[in-house]
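So you can see what is in the structure, the chains are spelled out below.
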Amino acid sequence: DARVTQTPRHKVTEMGQEVTMRCQPILGHNTVFWYRQTMMQGLELLAYFRNRAPLDDSGMPKDRFSAEMPDATLATLKIQPSEPRDSAVYFCASGLIRGTEAFFGQGTRLTVV
Amino acid sequence: SQQGEEDPQALSIQEGENATMNCSYKTSINNLQWYRQNSGRGLVHLILIRSNEREKHSGRLRVTLDTSKKSSSLLITASRAADTASYFCATDMMYSGGGADGLTFGKGTHLIIQP
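Now for a description of the structure that goes with this document. Given the structure is predicted, the values throughout are model-derived calculations rather than measurements. (Residues numbered from 1 in each chain as written. Chains lettered and ligands numbered in written order. Predicted model: local features only at pLDDT ≥ 70, side-chain atom pairs only at ≥ 80, totals over all residues. Heavy atoms only, no water.)

## What to know about the interface of chain B and chain A
With 26 residues of chain B at the interface, the matching set in chain A holds 22 residues. Contact between chain B and chain A buries roughly 1700 Å² in total, counting both sides, with carbon and sulfur atoms accounting for 47%. Here chain B and chain A share zero salt bridges between them. Put simply, chain B and chain A have six residue pairs in polar contact (both at pLDDT 80 or more) between them. At the level of elements, β4 (29-37), β5 (43-50), β9 (85-93) and β10 (103-105) of chain B are the ones that each hand at least two residues to the side of chain B that touches chain A. When residues of the side of chain B that touches chain A are assigned to their parent elements, the largest contribution, five residues, is made by β4(B). Looking at the side of chain B that touches chain A, its residues break down into 10 nonpolar, 11 polar and five charged. (Contact = heavy atoms within 4.5 Å. Buried area = accessible area lost by both parts, 1.4 Å probe. Salt bridge = Lys/Arg side-chain N within 4 Å of Asp/Glu carboxyl O. Polar contact = N/O pair within 3.5 Å; in protein donor to acceptor, adjacent residues only side chain to side chain. Helix = DSSP H or I, 4+ residues; strand = E, 2+ residues; numbered from the N terminus. Nonpolar A, V, L, I, M, F, W, Y, C, P; charged D, E, K, R; others polar.)

Quick look at the structure:
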């Protein structure tokens, strides 16, 4: 049963620490999305990759966030340094080709204290 | 930034009734998709409607799209307690050459089905 896998599922960290979230997209999918979900803002698109190349990361605070795809089986989202306002659920999703459905992981719930 | 906006924000109905949720968006799209999210879980794709389609059905789901009004609706017929969830519309925007072309979501409609 193909699925998007995100690790860790939960992360509690202190302000100022580096946080790395990982995503394994469904094998063969060439598009990967990172979203952040909060009650206030809803689902925000942070970054978007196609064939491992970043197409758009305009939704991401550049000073502290970075997103990469070291290879086709791994996408990472890093926050350094983390701040309490980064507390949210971060979702990764992958898709086969543009214009089709996205498959979501279960999310990483991040709490920065 | 949000492209789609769902209405209402919350909806509570009795089991067996029909539930209708609406979505409005701002710019031209390639397609519009509806997703469901159960509490604490990831989003699950429900249905996709392309910009040249006006209506689509899938089981108890009916989606309409009016590109002239930049709006869509999701109808769930004969609702069940298990339909309780948040429902989101997502737009796949036409690539403008300068902006995001990833899927962008609204804030969702929280649907509660009373048994």
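Let us keep going from here.
## With respect to unusual backbone geometry
Note the cis peptide between Thr7(A) and Pro8(A), where omega equals -10 degrees. Assignment of secondary structure puts Pro8(A) in the loop between β1 (5-7) and β2 (10-13). Within the chain, Asn51(A) stands out as a residue other than glycine whose phi angle is a positive 50 degrees. Relative accessible area serves as the criterion here: at 55%, Asn51(A) is assigned to the exposed category. Positive phi values are uncommon outside glycine, yet Lys70(B) reaches one of about 50 degrees. Inspection of the secondary structure puts Lys70(B) in the loop between β7 (61-66) and β8 (71-76). Owing to a relative accessible area of 27%, Lys70(B) belongs among the partly exposed residues under this scheme. (Buried < 20%, exposed > 50% of the residue type's maximum accessible area, 1.4 Å probe, protein only.)

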